[in-house]
Amino acid sequence: MGVRRIGTIVGLFLALAAFSLYGFHTNKNFTIGVSLPLSGEYAFIGEEMRRGVELALDDTQVRAVFEDNQYDPKTMVSAAQKLVTIDDAVVAATFSLTEAKVSSKVFADAGVPLLVFWDSDSTLYRAGDHIFSNGFSAEGDSEKLANYAYTVVGARSTAVVGDVDETIDVFVKAFSAEFERLGGEVVLTVPVQIGETDYRTVLAKLKQANPDSIYFPILPPSNIIFVRQLQELGIRGHLFSADTFVEDVVHELGGAGDGIYFHNYLPEDNELVRAYIARYGSHPANLNYAKSAYDGTKVILAAHEKNQNSIKDGLLSVLGDDRSANRVQPLYQVQNGKSVLVEE
């Protein structure tokens, strides 16, 4: 870990600690424009993130305006246009780096900095100097999992089956490169279409290749189908996945998911949970998404405190020249139908 990376982490910690201890005090109102998938397949993510933003802004004078991007490229662009032209947002936020890159030009042309809540990867640096991330490094997460697979679990060969998706492509390349660097062999790599329901042809190839492990960054609910079909065909081996292996998938598979390793962010924040229940009358369905949006919004507030004349410069002060927190997710294994932390 480099000196600059350590400095970024320390700076971010101190900035957020100030909010924890002293709260947010400003006499200047401003608007955060938030583009989220509030309808469609990923509405469960968008809704939790919306609530995380709202909770982070309690007891502040800051306003959040939400636009539904439906996780659709055309709608992402129109949502961004509305945020900067109608809603008067001076800073914006969104769920993923994919959304940020699609709508990047709109925010850049308007001079509005954009913060990603969930993820980050090396392409962020080429996407424009107005894009920032408080999220998790796709490369870092994948390399950590590959290292664990090789050095702790003892995997020596692997087959990779991943969705055709920009972020998953980063997962696949980073996991494979790290696994091979350590001395492992990637015997098969098969891209599959998002939403696939029949993996039998792929699994036949996989069975013939006979690896001792399988890495499958596949989006839900297809990853549930993949695991079940794999088991129906009697294919054995260590199983590894990405943060596409969400808690709903763990619950749906139950004991059938036992043994699967994955990286994800499954925080325990009792104070946030209490605030969530007090406001919304129920326990958060996916605390990780609410917490990511909550933390990201606190970063925006910290950036405003750093520089009230330029939130972009404030974000640079908080996140550093990398423009990203580059966090790395913990590793979990499914045991008795539940996610169990195996490496922080």
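Engineer: Got a minute to help me understand the pairing of strand S3 (residues 91–94) in this structure?
Structural biologist: For a regular strand, the rule is simple: side chains alternate between the two faces of the sheet. Alternating positions in S3 separate into two faces, Val91 and Ala93 on one and Ala92 and Thr94 on the other, with burial throughout. Relative to strand S4 (residues 114–116), S3 is paired through 3 bridges, and the arrangement is parallel. From the neighbouring strand, Ala92 faces S4, where its bridge partner is Leu114.

Engineer: Help me understand the pattern of salt bridges, please; the structure alone is not making it clear to me.
Structural biologist: Opposite charge on two side chains permits pairing when their charged atoms draw close. A full pass over the atoms with the stated rule returns 14 salt bridges. With its nearest N and O atoms 2.5 Å apart, the salt bridge here joins Arg50 to Glu54. You can see Arg50 and its partner Glu54 sitting in helix H2 (residues 43–56), 4 residues apart, about one turn around the helix. Two residues, Glu67 and Lys82, come together in a salt bridge whose shortest N-O distance is 3.4 Å. In this pair, Glu67 is assigned in strand S2 (residues 63–68) and Lys82 in helix H3 (residues 73–85), connecting sequence segments 15 residues apart. On the basis of relative accessible area, Lys82 is assigned to the partly exposed category, the value being 35%. Where salt bridges share partners, they join Glu47, Arg50, Arg51 and Glu54 into one cluster.

Engineer: Any chance you could explain the pairing of strand S9 (residues 185–192) here in plain terms?
Structural biologist: Judged from the 7 bridges that link them, strand S8 (residues 157–163) and S9 form a sheet pairing that is parallel. When the sheet's bridge partners are listed, Ser157 is paired in S9 with Glu185. Once the chain exits S8 it traverses helix H7 (residues 166–181) before rejoining the sheet at S9, and the crossover so formed is right-handed.

Engineer: What's the story with the sheet that holds S3 in this structure? I'm lost.
Structural biologist: Strand pairs in the sheet, formed through backbone hydrogen bonds, run parallel or antiparallel to each other. Taken together, 5 strands build an open sheet; the order of strands is S2-S1-S3-S4-S6 and the sheet is parallel. Edge positions in the sheet fall to S2 and strand S6 (131–133), since each has one partner strand and no second. Looking at each pair of strands side by side, their axes are set apart by 25 degrees on average, direction ignored.

Engineer: Which parts of the structure should I look at to understand the packing of helix H11 (residues 270–280) against helix H12 (residues 287–306)?
Structural biologist: For any two helices packed against each other, one specifies the crossing angle of their axes together with the interaxial distance. Between H11 and H12, whose axes approach to 11 Å, the crossing angle comes to 100 degrees. In terms of their interaxial angle, H11 and H12 are classed as roughly perpendicular. Residues Leu272, Val273 and Tyr276 of H11 form the contact with H12, whose own contacting residues are Leu287, Ala290, Lys291 and Tyr294.

Engineer: What exactly am I supposed to notice about the confidence of the model for the protein here?
Structural biologist: Low-pLDDT stretches of the model should not have their predicted coordinates read in fine detail. Here the protein averages 92 in pLDDT, while 92% of its residues score no lower than 70. For the stretch residues 1–11, pLDDT sits under 50, and the model shows 12 contacts to residues farther than four places along the chain or on other chains. Low pLDDT, under 50, characterises residues 13–27; the predicted model gives this stretch 24 contacts beyond four residues in sequence or across chains.

Engineer: Is there a simple way to think about the environment of Tyr215 in this case?
Structural biologist: Mapped onto the fold, Tyr215 is located in strand S10 (residues 213–215). When the C-alpha positions of Tyr215 and Tyr261 are compared, they lie 9.4 Å apart, and in sequence the two are 46 residues distant. Residue contacts for Tyr215: discarding those within four places in its chain leaves Ser142, Leu145, Thr158, Ala159, Val160, Val161, Phe171, Val172, Phe175, Phe240, Ser241 and Ala242.

Engineer: How should I be thinking about the sheet that holds strand S11 (residues 238–241) in this particular structure?
Structural biologist: If you walk across this open sheet you meet the 7 strands as S9-S8-S10-S11-S12-S13-S14, and the pairing is mixed. Strands at the two margins of the open sheet, each flanked by one partner only, are S9 and strand S14 (338–343). Between one strand axis and the next, the sheet turns through 25 degrees on average, direction left out of account. Summarising the sheet, S8 and S10 pair through 3 bridges and their orientation is parallel. The residue of S10 that forms the bridge with Val160 is Tyr215. Helix H6 (residues 138–153) contacts S10, S11, strand S12 (261–263), strand S13 (331–335) and S14 of the sheet and is inclined by roughly 150 degrees relative to S12. Here helix H8 (residues 200–209) sits on the sheet in contact with S8, S9 and S10, set at roughly 175 degrees to S9.

Engineer: Honestly, the packing of H2 against H12 in this entry has me stumped. Any pointers?
Structural biologist: Close contact between H2 and H12 brings their axes to 7 Å; oriented N to C, the two are set at 40 degrees. The angle between the axes of H2 and H12 places the two elements in the oblique class. Crossing hand, H2 versus H12: right-handed. Contacts between H2 and H12 involve Phe44, Ile45, Glu48, Met49, Gly52, Val53, Leu55 and Ala56 from the former and Tyr289, Ala290, Ser292, Ala293, Tyr294, Thr297, Lys298 and Leu301 from the latter. Across the contact of H2 with H12, the residue classes tally to 11 nonpolar, 3 polar and 2 charged.

What counts and how
- Residues numbered from 1 in each chain as written.
- Predicted model: local features only at pLDDT ≥ 70, side-chain atom pairs only at ≥ 80, totals over all residues.
- Heavy atoms only, no water.
- Buried < 20%, exposed > 50% of the residue type's maximum accessible area, 1.4 Å probe, protein only.
- Helix = DSSP H or I, 4+ residues; strand = E, 2+ residues; numbered from the N terminus.
- Pairing = 2+ DSSP bridges.
- Salt bridge = Lys/Arg side-chain N within 4 Å of Asp/Glu carboxyl O.
- Right-handed = clockwise from strand over helix to strand, strands pointing away.
- Axes fitted to C-alpha atoms, helices over the stretch in contact; angles between N-to-C directions.
- Parallel < 35°, antiparallel > 145°, perpendicular 65-115°, else oblique.
- Contact = heavy atoms within 4.5 Å.
- pLDDT = per-residue confidence, 0-100.
- Left-handed = near helix turned anticlockwise from the far one by under 90°.
- Nonpolar A, V, L, I, M, F, W, Y, C, P; charged D, E, K, R; others polar.

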